[in-house]
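Read off the chains here:
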There are 4 protein chains.
Amino acid sequence: MTEKLALASDNLSPAHPLILEAVCEANQGCALPYGGDSWTLQAEEVIQTTFGKKCKVFFVPAGTAANVLALKFACKSHESILCSDIAHIDCQEAGATEAIVGAKLLRVPSKSGKIYPEEILAKLERERGFGRHGTSPRLLSITQPTEVGTVYTIKELKDLAALAKQENLFLHMDASRIYNALVHLDITFTELIELIPIDVLSLGGTKNGLLFGEAVLIFNPSLEEGSHFIHKQTLQLLSKMRYLSAQYIALFRDDLWWQLAYEANQKACEIANIIRKIPGLSLTAPVETNQIFFSAPSEWIPLIQEKIYCYLWNKKNNEIRFIASWNTSDRDIKTLENILTDLSQNLTQQIRV
Amino acid sequence: MTEKLALASDNLSPAHPLILEAVCEANQGCALPYGGDSWTLQAEEVIQTTFGKKCKVFFVPAGTAANVLALKFACKSHESILCSDIAHIDCQEAGATEAIVGAKLLRVPSKSGKIYPEEILAKLERERGFGRHGTSPRLLSITQPTEVGTVYTIKELKDLAALAKQENLFLHMDASRIYNALVHLDITFTELIELIPIDVLSLGGTKNGLLFGEAVLIFNPSLEEGSHFIHKQTLQLLSKMRYLSAQYIALFRDDLWWQLAYEANQKACEIANIIRKIPGLSLTAPVETNQIFFSAPSEWIPLIQEKIYCYLWNKKNNEIRFIASWNTSDRDIKTLENILTDLSQNLTQQIRV
Amino acid sequence: MTEKLALASDNLSPAHPLILEAVCEANQGCALPYGGDSWTLQAEEVIQTTFGKKCKVFFVPAGTAANVLALKFACKSHESILCSDIAHIDCQEAGATEAIVGAKLLRVPSKSGKIYPEEILAKLERERGFGRHGTSPRLLSITQPTEVGTVYTIKELKDLAALAKQENLFLHMDASRIYNALVHLDITFTELIELIPIDVLSLGGTKNGLLFGEAVLIFNPSLEEGSHFIHKQTLQLLSKMRYLSAQYIALFRDDLWWQLAYEANQKACEIANIIRKIPGLSLTAPVETNQIFFSAPSEWIPLIQEKIYCYLWNKKNNEIRFIASWNTSDRDIKTLENILTDLSQNLTQQIRV
Amino acid sequence: MTEKLALASDNLSPAHPLILEAVCEANQGCALPYGGDSWTLQAEEVIQTTFGKKCKVFFVPAGTAANVLALKFACKSHESILCSDIAHIDCQEAGATEAIVGAKLLRVPSKSGKIYPEEILAKLERERGFGRHGTSPRLLSITQPTEVGTVYTIKELKDLAALAKQENLFLHMDASRIYNALVHLDITFTELIELIPIDVLSLGGTKNGLLFGEAVLIFNPSLEEGSHFIHKQTLQLLSKMRYLSAQYIALFRDDLWWQLAYEANQKACEIANIIRKIPGLSLTAPVETNQIFFSAPSEWIPLIQEKIYCYLWNKKNNEIRFIASWNTSDRDIKTLENILTDLSQNLTQQIRV
């Protein structure tokens, strides 16, 4: 437990009490291993009901695993994956896609975290121009919300999906914080999946209140072949799966997921409002989910980092990232306001002196 | 929760209440992610104290991951790994070593689950005879207790370690049920590691009462280079690590691990005694830990499987595997005795009739 | 150039003059790279005509590459490959299948180099019994002639092919010395391929008189997808392909391949006759192609190796391998006879004294 | 053999007669396989003498193989490789580095094909900022001459080498056309290697007059461990190695390499002069070796491609690449001049009309 204000990431937050309760309740007697237990079967059903669509569900302990598993379901080593130039799969997964899938990542320039058809097409044309000396583009991976917390509109998603179809690419969604995006769009999972023909989706969990656990959902049946072997081979098959899957049952019961994401988005909104009021600070990306990006005068950076766990996103422009969580409290917001206001006043006074 | 008697594996059992309690207690406020939290730091210390030796500790969610990670720390793709011909890393890990380490496994014929210097040397000589057309043997992996529940004696382990040193092989121990072996040998972790120079060890957890979680311990510092990248790249780095590591603190507090393994071994002993008394059944391996292997008349097999979750180890000789767990109860033992006695009597009657 | 009698392998022999001539003739002016040249197109046609069947042809520089490429066309990392326990792909390819395909090799016990349905089925049943904890058997690889020079009969091949079909396995033939086998069976490539439904075949070249060069032939169109990318990615696409492909045109012109293999087989036959006559030596495998395996008294081994380049196949039973080549001369045979006779007499005299 | 003027690449050209002669001379009697022959031993010596430095030499059939082998000698899967954003290893090797080394490529923005310390440092800082969530930068790969035919000056190379040392990166040189660069710099291999501490170098061959064949030179002994296994495992070990290695003996005899590269550079110079004179055409990169990049009016492109084998480097700015070769003749130059002049006049007339 840390006393310092924690806004570095939503994975610093604890599990929600209802989630933990579900884990405790799963601790009853013996159960079949490797997902043969009743909790896992129920969780798979709950997820299919939530998405309103048949899909194959694989639970995995960590987020990077969810992405790599999804990509390995869809791609061979001579194929390539289009993603944004700040995508988690490219920047923050320790080269796992290259090492475990063996495939090349093709980086598409992003604007406010999003990629658009024109730049994707340009990248495709270049790669295909290399013929067999290049790779065979096979999958388009999009992150919703993006790495900077922005949310693709339904229109933007539809355009990307249409492009993927036209170019014969599978569509993957890195949905590790999808809950926050759905709250912003005010749509359900069923609506999302009805509108956007996603082939495979990495569904977050840990960042929205689980102790641990993510899931991979295969919507395109052609990707299912061999998938249960790959689940095991990529080191993701837990023997006592119930402690993971039971959390998902709780997450989707009574729309707990919505409540938690809503709370986090709301707090981000309040944080953004504070930042807007502080002279010298300025938001660097629209605040649409639970992430806040802003720049500060360079001399503020060490002072902010001393008082708040946060991530220095970009040294060059002194850009800091805050992430609110389901458990960010009103008191946290007040503390933050005090810290920033004090900083602002002290620094202003120093300048005057 | 299942009503049927569960003797298929110790991973059907639930988590021990004290372990679950530790998880609940870790659910306090925010904590640094990726193992930067205080629980993880404490768990690493506890493990080093338990082993009486400095080592680098990596926590991972599942057992196959612990093995593959250990092998990847030590081997490159042109190197090979000697293991028994029934080793988990060869038979039951979905080809993960080949796929993720890229290295070849060299199978050494086993007797009662154990491998011996003579057969290892023969395998080494054959492989080295191929020169660069073969692979470069680099690691000897032993499983303690073995896949059939037998326990290498200290003398046997010393011989294997001496051989590894002489042949310039790293020594890996797949120690997913090491607790049960130590109870059998009546030695501590410190004693084990003082006697046997293990380079890297996959330490079990799930099978001895955890919800989930295993660990990899690097004792040979030359294997540490890049290990934290590999931990992440092989998809094993949990963001909220505390819920895993806190379990290890509880497991090693007041020697809970010993109590749980002792209980399981004891129950296996009682099960073995029952089997010995039933005409027609006969043990096929010495019962030294919590595993019981026995053969039954072929017509019994479906009847046993109907009443008891168990694993048909070998169809050819009608060999069944039972595994007792920390939570196998006196009532379970009584139930088992009744089932087997009834079966024996009914089948004898049928024959008479 | 070596003066010592060379019977270690057919890859010690030079290229046949007609093959070299073809290379020299290809050295005319500019030509499109990467197989777009007229020699390569013609060689592809020649091979299809020779086999009497449409297939996709990939030329590669080395034999190991031909095998690995064939396996990578057919298998993913979670799949497994059945082969004999002395198969080149398992023993003498430096772990390339594990490293580059990522797949597991399942070794089937062999008799005189051959594997049979019963042992294959046993291996299949064991592996499938592991479920997703094991691998998914996907391909049966057979070597014709075998590693010990024996030749599968058409009946044996048909049985293996039927088994492969029944078990949903692709059928691969490691045909690095297929020429010698066809001479023995007295059938053509067209007859072979009409009788046996091979999915993918590694066609030798170097060992039958080429300077360098092998080919992979895909007969099953479902394996073609992405194959030209894989050809390049596995480092096998030569830019000036004509110097490789032109050799195949010469090899198949006027049945040169038959003449060369016939010559090698014939010489092996003569060598076998010499060995049969020398007291103390005894053949350890039927001599059906150009390979001769025999055992000798242990004190002979260093003396033989001093005078003849040969391969000590098995130290345990003092088994030596000779391989005759298209350029093994009558003089070589006479020299060999003298060496062995002298050895025999000297050693006999020593014993008398 | 093609009648059309061939300026697409130097790999369309045939082998030089002296190289072919060396191959023919190597075709004498039996020789030890896998590089144990006298030609290969001599070629290794010749290369070491040429470079004036002890190094381990591996011959490989193709250029992509030379690069991937060099990278695999130096990097593990969790490490990363810095290269230019138009590097052959990234763009034109079918993802082989990702698939076979498993490592990530980090693209550094290039100017006229070259990369500079500032941009490399920025990329390093970004990647290292990700900590273990990123990769561990391990190698700097530079291409000399660059992909657009420009040549790093000695000063530029020294700066890059100093940076590599300071940042603990191995230095790799993709030297597939190094001959042309040395002619431009007017220095020898010995001078190059004395000035620049290269750890591992991919030495071209095919593009400078060989039939086939490249080499990897390890100058840093710490990269040698296991290298002969890796050579075999990556499918590069030819059995009849002499036909490859003998070519290198000829290439370095009487500085044939210099003569061939000089001739190619000279012809490129003449081509550049022609292009400079034609209204409408304009060079887009300095012509320092045997490559010529220029742009043309868009309506010229199909007309040029109809008459000349060439590579449309960049569709967006109608940029074409010509590459001269050792066998580009005076007649070819005259033909080219006629084609371009005719085109220019016809198109000008059309405009007039």
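Our structure's up above, just so we're on the same page.
Residues numbered from 1 in each chain as written. Chains lettered and ligands numbered in written order. Predicted model: local features only at pLDDT ≥ 70, side-chain atom pairs only at ≥ 80, totals over all residues. Heavy atoms only, no water.

K.L.:
How do you make sense of the overall build of chain A when you look at a structure like this?
P.N.:
If you tally the helices and strands in chain A, you get 14 helices and 13 strands. Principal-axis analysis of the C-alpha atoms places the extent of chain A at approximately 70 × 60 × 35 Å. Counting across all 353 residues of chain A, residues that qualify as buried make up 65%. Long-range contacts, defined as pairs at least 24 residues apart, comprise 74% of the intrachain contacts of chain A with a sequence gap of at least 6. Entry remark: accessible area of chain A is about 12,300 Å², with carbon and sulfur atoms responsible for 49%. (Helix = DSSP H or I, 4+ residues; strand = E, 2+ residues; numbered from the N terminus. Buried < 20%, exposed > 50% of the residue type's maximum accessible area, 1.4 Å probe, protein only. Contact = heavy atoms within 4.5 Å. Areas by Shrake-Rupley, 256 points an atom, 1.4 Å probe, with all protein chains shown as cover.)

K.L.:
What is the right way to look at the relation of the copies chain D and chain C in this model?
P.N.:
Superposition of the two copies of the chain requires a rotation about an axis together with a shift along that axis. Once chain D is rotated about the relating axis by 180° and shifted along it by 0.0 Å, it coincides with chain C to within an RMSD of 0.1 Å. Classification of the inter-copy transformation places it as that of a two-fold axis. Here 100% of the contact residues of chain D are again contact residues in chain C; the copies associate through an equivalent surface. (Least-squares fit on C-alpha atoms with pLDDT ≥ 70 in both.)

K.L.:
I'm lost on the relation of the copies chain A and chain C in this one. Help?
P.N.:
Superposing chain A onto chain C requires a rotation of 180° together with a translation of 0.1 Å along the rotation axis, leaving an RMSD of 0.0 Å. Of the interface residues in chain A, 100% have counterparts in chain C that sit at the interface too, so the contact is made through matching surfaces.

K.L.:
Which parts of the structure should I look at to understand the pattern of salt bridges?
P.N.:
Close approach of charged atoms lets side chains of opposite charge pair. For the coordinates displayed, the defined rule picks out 56 salt bridges over all chains. Ionic pairing is found between C:Asp90 and C:Arg107, a salt bridge with its closest N-O pair at 2.5 Å. In this pair, C:Asp90 sits in helix H4 (residues 88-91) while C:Arg107 sits in strand E4 (residues 104-108), placing the two residues 17 residues apart along the sequence. Like C:Arg107, C:Asp90 is buried. For D:Glu263, the salt bridge identified is with D:Lys267, shortest N-O distance 2.7 Å. (Salt bridge = Lys/Arg side-chain N within 4 Å of Asp/Glu carboxyl O.)

K.L.:
In this structure, what is going on with helix H13 (residues 300-307) of chain A? I would like to understand it.
P.N.:
Along an α-helix, residues three or four positions apart point the same way, because every turn accommodates 3.6 residues. All buried positions along H13(A) are accounted for by A:Trp300, A:Ile301 and A:Ile304. Angularly, the buried residues of H13(A) cover 100° about the axis, an arc narrow enough to put them on a single face. (Arc of directions from axis to C-beta.)

K.L.:
Please explain the interface of chain D and chain C as it appears in this structure.
P.N.:
In many analyses, interface size is given as the accessible surface area lost on bringing the parts together. If you look at the interface, chain D gives 53 residues, while chain C gives 53 residues. Counting across the interface, chain D meets chain C through zero salt bridges. For the side of chain D that touches chain C, the secondary-structure elements that each account for two or more residues are helix H1 (17-25), helix H2 (38-51), helix H3 (63-74), helix H5 (96-101), helix H10 (227-233) and helix H11 (242-252) of chain D.

K.L.:
What is the right way to read the interface of chain A and chain C from this model?
P.N.:
Each partner contributes residues to the interface: chain A has 20 residues there, and chain C has 20 residues. Counting each side, the surface lost to burial between chain A and chain C is near 1,900 Å², with a carbon and sulfur contribution of 55%. Considering only the side of chain A, the residues that lose the most area to chain C are A:His78, A:Arg132 and A:Phe229, jointly responsible for 38% of the buried surface there. Counting every contact that joins chain A to chain C gives zero salt bridges. At the junction of chain A and chain C, the tally comes to eight residue pairs in polar contact (both at pLDDT 80 or more). With five residues, the top contributor of residues to the side of chain A that touches chain C is helix H10 (residues 227-233) of chain A. (Buried area = accessible area lost by both parts, 1.4 Å probe. Polar contact = N/O pair within 3.5 Å; in protein donor to acceptor, adjacent residues only side chain to side chain.)

K.L.:
When you look at the sheet that holds strand E6 (residues 170-175) of chain D in this model, what are you seeing that I'm missing?
P.N.:
Hydrogen bonds between backbone groups are what pair the strands of a sheet, and the pairing can be parallel or antiparallel. Residues and elements named next belong to chain D. In space, the seven strands of this open sheet follow the order E2-E8-E7-E6-E5-E3-E4, with mixed pairing throughout. The open sheet has two edge strands, strand E2 (56-60) and strand E4 (104-108), and neither has a second partner. Neighbouring strand axes in the sheet, compared pairwise and without regard to direction, differ in orientation by 20° on average. As paired strands, strand E7 (residues 200-203) and strand E8 (residues 214-218) are joined by four bridges and run antiparallel to one another. Its bridge partner being in E8, Val-200 is matched across the sheet by Ile-218. (Pairing = 2+ DSSP bridges. Axes fitted to C-alpha atoms, helices over the stretch in contact; angles between N-to-C directions.)

K.L.:
Would you mind showing me how to read the packing of aromatic side chains here?
P.N.:
Two aromatic rings are characterised by how far apart their centres lie and by the angle between their planes. With the rule as written, the count across this model stands at 58 aromatic pairs over all chains. Taking 5.8 Å as the distance between ring centres and 80° as the angle between the ring planes, the aromatic pair formed by B:Phe189 and B:Phe252 counts as edge-to-face. Taken together, the positions of B:Phe189 in helix H9 (residues 189-195) and B:Phe252 in helix H11 (residues 242-252) put the pair 63 residues apart, joining distant regions of the chain. Taking relative accessible area as the criterion, B:Phe252 reaches 9% and is therefore assigned buried. A centroid spacing of 4.6 Å and a plane angle of 45° characterise the contact between D:Phe51 and D:Phe189, whose relative ring orientation is tilted. Taken together, the residues D:Phe51 in helix H2 and D:Phe189 in helix H9 (residues 189-195) connect sequence positions 138 residues apart. Here D:Phe51 and D:Phe189 have matching classes, each one buried. (Phe/Tyr/Trp six-rings, centres within 6.5 Å; stacked < 30°, edge-to-face > 60°.)

K.L.:
I keep staring at H11(D) and nothing clicks. Help me out?
P.N.:
Counting buried positions along H11(D) yields 11 of 11 residues, so the element is predominantly enclosed. Within two residues after H11(D), D:Asp254 carries a phi angle of roughly 55°, on the positive side.

K.L.:
What am I meant to see in the sheet that holds strand E13 (residues 319-323) of chain A here?
P.N.:
Strand order in the open sheet formed by four strands is E9-E10-E13-E12 (chain A), and the pairing between neighbours is antiparallel. Each end of this open sheet is capped by a strand with a single partner; those strands are strand E9 (282-283) and strand E12 (311-314) of chain A.

K.L.:
Hey, could you run me through unusual backbone geometry in this one?
P.N.:
A negative phi holds for most residues other than glycine; trans holds for most peptide bonds. At the junction of B:Gln144 and B:Pro145, the peptide bond is cis and its omega measures out at -10° in the coordinates. Looking at the secondary structure, you find B:Pro145 in the loop between strand E5 (136-143) and helix H7 (154-166). Positive phi values are uncommon outside glycine, yet A:Asn168 reaches one of about 60°. Secondary-structure assignment places A:Asn168 in the loop between helix H7 (154-166) and strand E6 (170-175).

K.L.:
Sorry if this is basic, but what is going on with the nonpolar core here?
P.N.:
Generally speaking, soluble globular proteins have nonpolar side chains that are buried together. Membership of the largest hydrophobic core comes to 142 residues, with the highest contact counts inside it found for C:Leu203, C:Tyr248, D:Leu203 and D:Tyr248. Excluding anything up to four places from it in sequence, D:Tyr248 contacts D:Ala43, D:Val46, D:Ile47, D:Phe59, D:Tyr179, D:Leu203, D:Gly204, D:Gly205, D:Leu210, D:Gly213, D:Glu214 and D:Ala215. (Core = buried A, V, L, I, M, F, W, Y, C linked by side-chain atoms within 4.5 Å.)

K.L.:
So what exactly am I meant to see when it comes to the pairing of E5(B) here?
P.N.:
The side chains of a regular strand alternate, first on one face of the sheet and then on the other. Residue and element names in this part refer to chain B. The element E5 is extensively covered by neighbouring structure, given that eight of its eight residues are classed as buried. Here five bridges tie E5 to strand E6 (residues 170-175), and the two strands are oriented parallel to one another. Its bridge partner lying in E6, Ile-142 is registered against Met-173. As for the winding sense of the linkage, the β-α-β connection from E5 through H7 to E6 is right-handed. (Right-handed = clockwise from strand over helix to strand, strands pointing away.)

K.L.:
Explain the state of the cysteines here, please?
P.N.:
Defined simply, a disulfide is a covalent bond joining two cysteines at their sulfur atoms. Residue and element names in this part refer to chain A. Inspection of every chain in the model, using the stated rule, returns zero disulfides over all chains. Cysteine Cys-269 remains unbridged, with the sulfur of Cys-310 as its closest cysteine sulfur at 20 Å. Cys-269 gets classed as partly exposed once you look at its relative accessible area, which sits at 38%. (Disulfide = S-S within 2.5 Å.)

K.L.:
How do you make sense of the packing of helix H6 (residues 117-129) of chain D against helix H7 (residues 154-166) of chain D when you look at a structure like this?
P.N.:
Packed helices, taken two at a time, are described by the angle their axes make and the gap between the axes. Residue and element names in this part refer to chain D. Running from N to C, H6 and H7 point in directions that differ by 20°, and their axes come no closer than 10 Å. What the angle tells us is that H6 and H7 run roughly parallel. For the element pair H6 and H7, the recorded crossing hand is right-handed. For the pair H6 and H7, the contacting residues are Pro-117, Ile-120 and Leu-121 in the first and Asp-159, Leu-160, Leu-163 and Gln-166 in the second. Among the residues forming the contact of H6 with H7, the class breakdown is five nonpolar, one polar and one charged. (Parallel < 35°, antiparallel > 145°, perpendicular 65-115°, else oblique. Left-handed = near helix turned anticlockwise from the far one by under 90°. Nonpolar A, V, L, I, M, F, W, Y, C, P; charged D, E, K, R; others polar.)

So, to be careful, I would describe these as geometric facts and stop short of saying anything about function.
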